Each structure stands twice: as C-alpha cells, then as structure tokens.
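Coordinate analysis (summary)
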Amino acid sequence: MDNFNFYSPTEFVFGADRENEAGQMVKKFGGKNVLVHFGGGSAVKSGLMDRVTKSLENAGLSYVTLGGVKPNPRDTLVYEGIALCKKENIDFILCVGGGSVIDSAKAIAAGVLYEGDFWDFYSGKAAVEKALPVGTVLTIAAAGSEGSGDTVITQEATGLKRGAGSNALRPRFSIMNPALTQTLPAFQTACGACDIMAHVFERYFTNTREVEITDRLCEAVLLTMVKEAPRVIKDPDNYEARANIMWAGTVAHTNIVGVGRSQDWNSHNIEHELSGFYDVAHGAGLAVIMPSWMEYVMPHNPMRFAQMATRVFGCEMNFKCPEETAKEGIRCFRRFLKELGLPINFEELGAKEEDIPALVEKFGVGDGKTGGFMPLSAEDISNIYKIAAHAKV
Ligand code: NZQ
Ligand code: ZN
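Summary of the structure given here. Model, not experiment: these values are computed from the prediction.

**A few points about the overall build of the protein**
When helices and strands are counted, the protein shows 16 helices and 8 strands. By the compact-globule yardstick of 21 Å for 393 residues, the protein fits well, its C-alpha radius of gyration being 20 Å. Expressed as a percentage of the 393 residues in the protein, the buried residues total 58%. By sequence separation, contacts in the protein at least 24 residues apart represent 77% of the contacts at least 6 residues apart. Accessible area for the protein stands at about 16,000 Å²; split by element, carbon and sulfur atoms hold 50% of it. Across the protein, 39 positive and 48 negative side-chain charges occur, with their mean positions spaced 3 Å apart.

**A short note on the pattern of salt bridges**
Applying the stated criterion to the full structure yields 18 salt bridges. A salt bridge links E295 to R334; the nearest nitrogen and oxygen atoms lie 2.5 Å apart. With E295 in helix α11 (residues 282–297) and R334 in helix α13 (residues 322–339), this residue pair connects regions lying 39 residues apart in the sequence. For the salt bridge of E348 with K338, the shortest nitrogen-to-oxygen distance reads 3.1 Å. On the criterion of sequence distance, the pair formed by E348 in helix α14 (residues 346–349) and K338 in helix α13 is long-range, its members being 10 residues apart. Residue class for E348 comes out partly exposed when judged on its relative accessible area of 39%. The partly exposed category is assigned to K338, whose relative accessible area is 35%. Among the charged side chains, a salt-bridge network with shared partners connects E212, R216, E219 and R311.

**Structural notes on the site of ligand 1**
Around ligand 1, the structure places 33 residues, and the nearest of them are G40, S42, G99, S100 and H199. A distance of 2.7 Å separates a nitrogen atom of ligand 1 from a polar side-chain atom of D103. Between ligand 1 and H199, the relevant distance is 2.7 Å, taken from an oxygen atom to a side-chain nitrogen or oxygen of the residue. Here ligand 1, which alone exposes 960 Å², has 88% of that area covered by the protein. Looking at the shell around ligand 1, the elements that each hand over two or more residues are α5 (99–112), β6 (150–155), α7 (186–204) and α10 (266–278). A per-class count over the shell around ligand 1 returns 10 nonpolar, 19 polar and 4 charged.

**With respect to the packing of α11 against helix α16 (residues 378–390)**
Relative orientation of the contacting elements α11 and α16 amounts to 120 degrees, with a least axis distance of 8 Å. Considered as vectors, α11 and α16 are oriented oblique to each other. Like other packed secondary-structure pairs, α11 and α16 cross with a definite hand, here right-handed. Touching V288, I289, S292, W293, E295 and Y296 of α11 are D380, N383, I384, Y385, I387 and A388, all from α16. Along the lines of polarity and charge, the residues of the contact of α11 with α16 split into 8 nonpolar, 2 polar and 2 charged.

**Side note on the pairing of strand β5 (residues 134–138)**
Burial analysis of β5 places 5 of its 5 residues in the buried class, which makes it a mostly covered element. Neither face of β5 is exposed, since V134, T136 and L138 on one face and G135 and V137 on the opposite face are all buried. When strand β4 (residues 92–97) meets β5, the two strands line up parallel, connected through 5 bridges. When the sheet's bridge partners are listed, L94 is paired in β5 with G135. As paired strands, β5 and strand β8 (residues 173–176) are joined by 4 bridges and run parallel to one another. Pairing of G135 across the sheet is with F173, part of β8.

**Some points on the state of the cysteines**
In a disulfide, the sulfur atoms of two cysteines are held together by a covalent bond. Overall, the coordinates contain 0 disulfides when judged by the stated rule. No disulfide involves C191; its sulfur sits 7.6 Å from that of C194, the nearest cysteine. Judged by relative accessible area, C191 falls into the buried class, the value being 4%. What makes C194 buried here is its relative accessible area of 0%.

Calculation criteria
Residues numbered from 1 in each chain as written. Chains lettered and ligands numbered in written order. Predicted model: local features only at pLDDT ≥ 70, side-chain atom pairs only at ≥ 80, totals over all residues. Heavy atoms only, no water. Helix = DSSP H or I, 4+ residues; strand = E, 2+ residues; numbered from the N terminus. Rg over C-alpha atoms; globule rule 2.2 N^0.38 Å. Buried < 20%, exposed > 50% of the residue type's maximum accessible area, 1.4 Å probe, protein only. Contact = heavy atoms within 4.5 Å. Areas by Shrake-Rupley, 256 points an atom, 1.4 Å probe, with all protein chains shown as cover. Lys, Arg positive; Asp, Glu negative; His and termini not counted. Charge placed at Lys NZ, Arg CZ, Asp CG, Glu CD. Salt bridge = Lys/Arg side-chain N within 4 Å of Asp/Glu carboxyl O. Near = heavy atom within 4 Å. Polar contact = N/O pair within 3.5 Å; in protein donor to acceptor, adjacent residues only side chain to side chain. Nonpolar A, V, L, I, M, F, W, Y, C, P; charged D, E, K, R; others polar. Axes fitted to C-alpha atoms, helices over the stretch in contact; angles between N-to-C directions. Parallel < 35°, antiparallel > 145°, perpendicular 65-115°, else oblique. Left-handed = near helix turned anticlockwise from the far one by under 90°. Pairing = 2+ DSSP bridges. Disulfide = S-S within 2.5 Å.

Structure, rendered in structure tokens:
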C-alpha cells in the first residue's frame, strides 16, 4: 500500500425527508445569502424546490435562484452564475440536483473568488485554491460529486469537456434522501449505476500490490450494485434498494475505496470526449467505453481481471487459463449493463465510427501516454474506440 492522505470533510445528512433540514444546514455552515442552483425542471416539478426554499425561509435566510443547468453542464451558465453571485453578494451555494448541478455550482463557487477566467481551472492554467462554500440536496445517485472535490464542465463553443479538482470544492454538507431518486427515468437510474461501478473500477485496476482492504471495499460496492441496480429498474419505488445505491454512489467516489493505490481514469477521460462531442449521458458513454477498455488492457494483468470476475460476477476460476476467466468477467459486466437498458456500442449510443480520429485528437494525448494502470498512447485510445464501436454481448 502507498502512503496517502484521506480528506473527506463533507457532512452527509442521509434519509427520508432530510431535505427539510437544508436551511438549518446552510446556517450551520455560515451561509446567510444563498444561491439555489438547480437543473432543467425535475426538482420544480416534484415540489422539491418548494420544500428547500421554504426550509431556507424558515431558517431566516435570503436567497436567489438560478436554474437551467443541463446534463454535461456548460461554461455559459457558469459565467452567468458568477456574475449573479457577485451582484447579489452571495456567500453560500446550495445545489438541488445531480452531478451536473453540483459541478456547475462548484465552478461558480471557485470562479467568484478568482480574478481571471474560471476556465483556467479546467484548462490546467490555474489550480483552485479557494471557493465559496457549497452544500447539496442530491436527486440522483451517480457522479459522486456530493462527496468529491471534482467538477467537470463543457465549454459550449468547443465541446471540450474538462475536469478540475480541489479539496476547496468538497461540499460542506450533502443531503441525501433516497426517495428523491424515485422519480428518475429508468435510463437515468441505469446511467447512474454504471457511473458508480466505473468509479470503483477506475480504482480497482491498479498496479499497487497488497491493497486487500481497498480491494474488498471496492468489491463490496460492486456487489451491492450488481444486486440493487436490477432491483430498482424493476421496482423504481423500492426505497431500501435506492438507499443502498445512493450510499454506494458516495462511497465509490469520496476516494475511500481508492486510497493507497495507483488509479487509472482512462475510461473516464475517453468517455468525456464522447459526452462532450455528442452530448450524451456520461453513464451511457461509460457503458460503451469501460468494457471495451477492459478488453484492451486485460492482458496487462489477467489475474486482476480474473479476481474481479470470480469475486464480483461469480465466475468460476480457470486456473489453467486465467485469461479465460478474465474475459468471462468482462462479458458478464457488459451483459449486466445491457440488461439494465444501457447502450453498449457506438450505434446504440448515437456515436459514429468516422469521428474516431476527431475524438482522439480532442483527447489530446499527443506523442505521450496517459493512465495509471496501463498507460495508453493515441493509437491505443483509437483502438479502444474501435472496439467500442462494434461491441456486442
Ligand atoms: O435537470 P433535471 O430536470 O433535474 O433532470 C436531470 C437530468 O436530465 C435528471 N434528474 C436528476 N435527478 C432527477 C432527475 N429526473 C427526475 N427525478 C430526479 N430525482 O437526470 C438527468 C441527469 O442529471 P445529471 O445531474 O446530469 O446526472 P449525473 O449525476 O449523472 O451527473 C453527470 C455529470 O457529472 C459529471 C459527468 O461527466 C456529467 O457531466 N461527473 C462528475 C464527477 C464529479 N464531479 O466528481 C465525476 C463523474 O465521473 C462525472 O464525470
Ligand atoms: Zn463518472
């Protein structure tokens, strides 16, 4: 195991009806004048926005609202949010929504306290050192942004989707009522499930040896998803299954399952080019990319894939040929995603094979290599897109 620091300062407020405590929580963390940031309308339609703003009023807090965050959140709304926060002297941002709303809020929170263009954080020109405090009321189990220091924004003019990270961006609190996720369309629930599993796999496929504790924590999250995701697709109102998935989504991405080991993240970066280019859901893009990446890099360490196959998908170990077990595990994962209703190849996602050179170009690896498990060149990335283009169960 490698040396590590683990920092996860977010207070998680979990359970039924907890959104009614939003005002008290903002107050606890010193907010007085709040920006309530939300998405395209689901939170208004469900009555959640009314409950949250009422809770702010009951706590004696003033607020303004900014809605309209789209999935794959855009820089254009971030600029608008920064200007609004400055004009209204906002001292706390409360997000009501999923990863897109939270990531947009984090970008605004950092941008308000920065003299330059906030995109500098995403283009790698500057690091986030300070940000307004952010709290969340989570409505979808997926991105894990409610407990992470990360934010991913798409630049509208170029379609470039880029991330930034800093401990200053970790939410002060996250309110997590599993019942709020019962209104999700099945497809969004499935996308979320895939993203949660992908966050674990990015950490599970490591070159660091002797990491039993994090291996076992990863497997616990993966086994939970294998059991609970099909259950909520069949029975969307199942509170207990929703609760297990919601907490799994947070555990998957605070980095508690990834400390002390090298991590990969190539699947995510390869996927971000797809969701930036075609404006598709991140979890759907991952369903196409991640099993394809697995097929391509499996020869780097077949035993690690065989471990995943036996422990997560219950495959029988073929001691004479571990590669066969590894391949069977990858097949199980892809079949599982397909059965959840997710796309598994370019056509099903709405992507085109002829765009692969442009996608690789946008990825921008140049003559170098990237990734922490098996470093990939531009040619490798192109090969993975080609596998993804034609993938079948
Ligand atoms: O906008 P509304 O109307 O709310 O609709 C949303 C949106 O269309 C809908 N939705 C959310 N909660 C709902 C609901 N519909 C009905 N009932 C509810 N309770 O679901 C759609 C997707 O929402 P979004 O916030 O985009 O989903 P998700 O949480 O998957 O976030 C995806 C974004 O997070 C980024 C992704 O790249 C993508 O841009 N990620 C962020 C990470 C982070 N900050 O740590 C890590 C991830 O790997 C990921 O890259
Ligand atoms: Zn993700």
